[in-house]
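Listed here are the chains, written in short residue letters.
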Amino acid sequence: MLYADPKKGPQQNHISPLSPPMSLVSETLAKLAPSMTLAITQRASEMKAAGEDVCNFGGGEPDFDTPEHIKAAAVAALEQGATKYTAAAGLPALREAIAAKLMVDNNLEYSIGEISVNCGAKHSCFNALMAVCSPGDEVIIPAPYWTSYPEMARLAGAVPVIVPTSEETGWKITPELFEEHMSPRTKMIIINSPGNPTGAVYSREELAAIGEVAAGEDIVILSDEIYEKLVYDGTEHVSIASLSDELKNLTVTVNGFSKAYSMTGWRLGYTAANPEIAEAISTVQSHTTSAPTTFAQYGALVAIQGDQGFIDEMREEYDLRRRYTLNRLRQIKNLSVIEPKGAFYFLVNVSSTQLSALNFADKLLSRYKVAVVPGEAFGDAFMPDIETIRISYATSLDILKEGLDRIEDFCRSY
Ligand SMILES: Cc1ncc(COP(=O)(O)O)c(C=O)c1O
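Residues numbered from 1 in each chain as written. Predicted model: local features only at pLDDT ≥ 70, side-chain atom pairs only at ≥ 80, totals over all residues. Heavy atoms only, no water.

Novice: Quick one: what's the story with the packing of helix α12 (residues 309-331) against helix α14 (residues 397-412), residue by residue and with numbers?
Specialist: Close contact between α12 and α14 brings their axes to 11 Å; oriented N to C, the two are set at 10°. Our classification of the angle between α12 and α14 gives roughly parallel. Contacts between α12 and α14 pair L320, R321, Y324, T325, R328, L329 and Q331 from the former with L397, L400, K401, L404, D405 and E408 from the latter. Class assignment for the residues of the contact of α12 with α14 results in six nonpolar, two polar and five charged. (Axes fitted to C-alpha atoms, helices over the stretch in contact; angles between N-to-C directions. Helix = DSSP H or I, 4+ residues; strand = E, 2+ residues; numbered from the N terminus. Parallel < 35°, antiparallel > 145°, perpendicular 65-115°, else oblique. Contact = heavy atoms within 4.5 Å. Nonpolar A, V, L, I, M, F, W, Y, C, P; charged D, E, K, R; others polar.)

Novice: Account for helix α2 (residues 36-49), naming residues and giving values.
Specialist: Taking 1.5 Å of rise per residue, 14 residues should cover 20 Å, and α2 covers 20 Å from first to last C-alpha, within 8% of that figure. Listing the buried residues of α2 in full gives M36, T37, I40, A44 and M47. In a view along the axis of α2, the buried residues occupy a sector of 105°, so they form one face of it. Exposed side chains of α2 directed beyond 90 degrees from the buried face belong to L38 and A49. (Expected span 1.5 Å × (residues − 1). Buried < 20%, exposed > 50% of the residue type's maximum accessible area, 1.4 Å probe, protein only. Arc of directions from axis to C-beta.)

Novice: Talk me through the layout of surface pockets; I want residue IDs and the actual numbers.
Specialist: One number sums up the size of the second largest pocket: a volume of about 520 Å³. Taken together, the elements giving at least two residues each to the lining of the second largest pocket come down to α2, α5 (121-132) and α6 (148-155). A per-element tally of the lining of the second largest pocket places α2 first, with three residues. Class assignment for the residues of the lining of the second largest pocket results in seven nonpolar, twelve polar and six charged. When we break the lining of the second largest pocket down by domain, the ones giving at least three residues each are domain 1 (6-63 + 310-412) and domain 2 (74-305). (1 Å grid on protein atoms, 1.4 Å probe; cavity = no way out; pocket = protein on both sides within 12 Å on 5 of 7 lines; lining within 4 Å. Points joined across faces, edges and corners; volume = space filled by probe spheres on them. Domains from an automatic or database assignment.)

Novice: Outline a negative patch on the surface, supporting the account with residue identities and numerical values.
Specialist: On the surface, a cluster of negative charge is contributed by E176, E179, E180, E212, E217, D218 and E246. When residues of the negative patch are assigned to their parent elements, the largest contribution, three residues, is made by helix α7 (residues 175-180). Positionally, E217 belongs in the loop between α8 (204-216) and β6 (220-224). (Patch = residues over 30% accessible without salt bridge, like charges linked within 9 Å, V, L, I, M, F, W, Y side chains within 5 Å. Areas by Shrake-Rupley, 256 points an atom, 1.4 Å probe, with all protein chains shown as cover. Salt bridge = Lys/Arg side-chain N within 4 Å of Asp/Glu carboxyl O. Lys, Arg positive; Asp, Glu negative; His and termini not counted. Charge placed at Lys NZ, Arg CZ, Asp CG, Glu CD.)

Novice: Let's hear about empty space enclosed by the protein: which residues, and what values?
Specialist: The final tally for this structure, using the stated rule, is two cavities of 30 Å³ or more. In this model, the largest cavity occupies a volume close to 140 Å³. In this structure, the largest cavity is lined by 15 residues; those nearest its centre are P142, P144, Y145, N192 and Y202. Residue assignment for the lining of the largest cavity shows that the elements contributing at least two residues are β3 (138-143) and β5 (186-192). Here the lining of the largest cavity is built from residues that sort into eleven nonpolar, four polar and no charged. What the second largest cavity holds in volume is close to 80 Å³. Residue lining of the second largest cavity: K101, I226, Y227, E228, K229, N255, G256, F257, A260, Y261, Y270 and I304, and that is the complete set. Within the lining of the second largest cavity, the residues separate by chemical class into seven nonpolar, two polar and three charged.

Novice: How would you explain a nonpolar patch on the surface if you had to name every residue and give the values?
Specialist: Together, V25, L29 and L155 make up a nonpolar patch on the protein surface, roughly 240 Å² of accessible area in all. By the secondary structure assignment, L29 is in helix α1 (residues 27-30). What makes L29 partly exposed here is its relative accessible area of 41%.

Novice: Run through the packing of aromatic side chains, naming residues and quoting values.
Specialist: Applying the stated rule across the entire model yields 14 aromatic pairs. With 5.7 Å between their ring centres and 80° between their planes, Y227 and Y345 make a pair best called edge-to-face. One end of the pair, Y227, is in the loop between β6 and α9 (245-250); the other, Y345, is in strand β10 (residues 345-349), and 118 residues separate them in sequence. Assessed through its relative accessible area of 3%, Y227 is described here as buried. (Phe/Tyr/Trp six-rings, centres within 6.5 Å; stacked < 30°, edge-to-face > 60°.)

Novice: Break down the packing of α5 against α6 for me, with residues and values.
Specialist: It is the contact of α5 with α6, at a shortest axis distance of 9 Å, that shows an interaxial angle of 40°. In this view, α5 runs oblique relative to α6, as classed from their interaxial angle. For the pair α5 and α6, the sense of crossing is right-handed. Contact residues: K122, C125, F126, L129 and M130 in α5; S148, Y149, M152, A153 and L155 in α6. Taken together, the residues of the contact of α5 with α6 break down into eight nonpolar, one polar and one charged. (Left-handed = near helix turned anticlockwise from the far one by under 90°.)

This is the structure we're talking about:
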């Protein structure tokens, strides 16, 4: 098996056959699974480094370089001595630029005191969960979900409540499903639009309906909008916080620089939230990372204030790949897929192959050298009748073509 089976849980540490099993890690961490998507990317990289011809569709990382003017700004900042701590919540100038962006792009009015710059949008989500959830609070997470949400909720002492969705609802939670899974302990719901791994984008009306349920019970909404700029076919991205003052007060909007500006390694994300939550987020951060990296923040400032043309070029390229991949996938035996309108992923239903997703991904990598992420990473276990894999098209058209040829060959035998 190339991939560990998450259903079997983490390995126990044994000191010797005679001593009782003992773990030196905390009970919280013992229950946590490492990120399967990162593990697969690493495995594919190792195979490549060993000279194997691997098509890697596993990664969640843009394949473009960070634009030169952004890199130059960080280098200049370094040379000018921007090497000390910033305020815990980030550079005031950057927070001001983020506030201006939220106003223009998202119709959201925030003061800089309500914005916190964090070490990646992943860190923003984690900070938000830490700031909002008390032990035992429940967090509603629609499945398929981004692999880190349930584990982050657990790290914050909260209980993830997974709500399976289906292809019929376009992999989106409905207000009815939300209500069905609510309890007196529900503190938060996580909405990720455009979504990873499904590429689903919630419409204004869908968000309004979910917002109405949340507002009725004062449930905080963590709105992860990291793929905001990657929407296709004229699809509109809507920030749920912009729908009413009530929803703005309940929402922590998360966004960042990784996907829009191809700045994954810079580790910069941000949150916008009401002053009480914003202060709590800043406090969490002040005791954990102190602040994000200073010269990286200067790069981000130029990213957000500079020429945005790069984003359009990147989106057009992704769209080309998206349409090509959709066309190919629709023609491959035993696979089915719904058209993603955002992000850079396809969630592919492989149930007709009669293979488990884990088995499918395992065989595909070992025999055909194509890395994909099995749905186990996104909550397949909560959808008993369906097996899925995720294909990332953040890779060149040539590699996509080659990898899809191999997937076609592989599927022919099932
Ligand atoms: C849905 C979602 N949220 C957040 C992140 C994290 O982004 P960052 O690299 O800025 O931490 C990712 C990255 O893959 C993601 O897919």
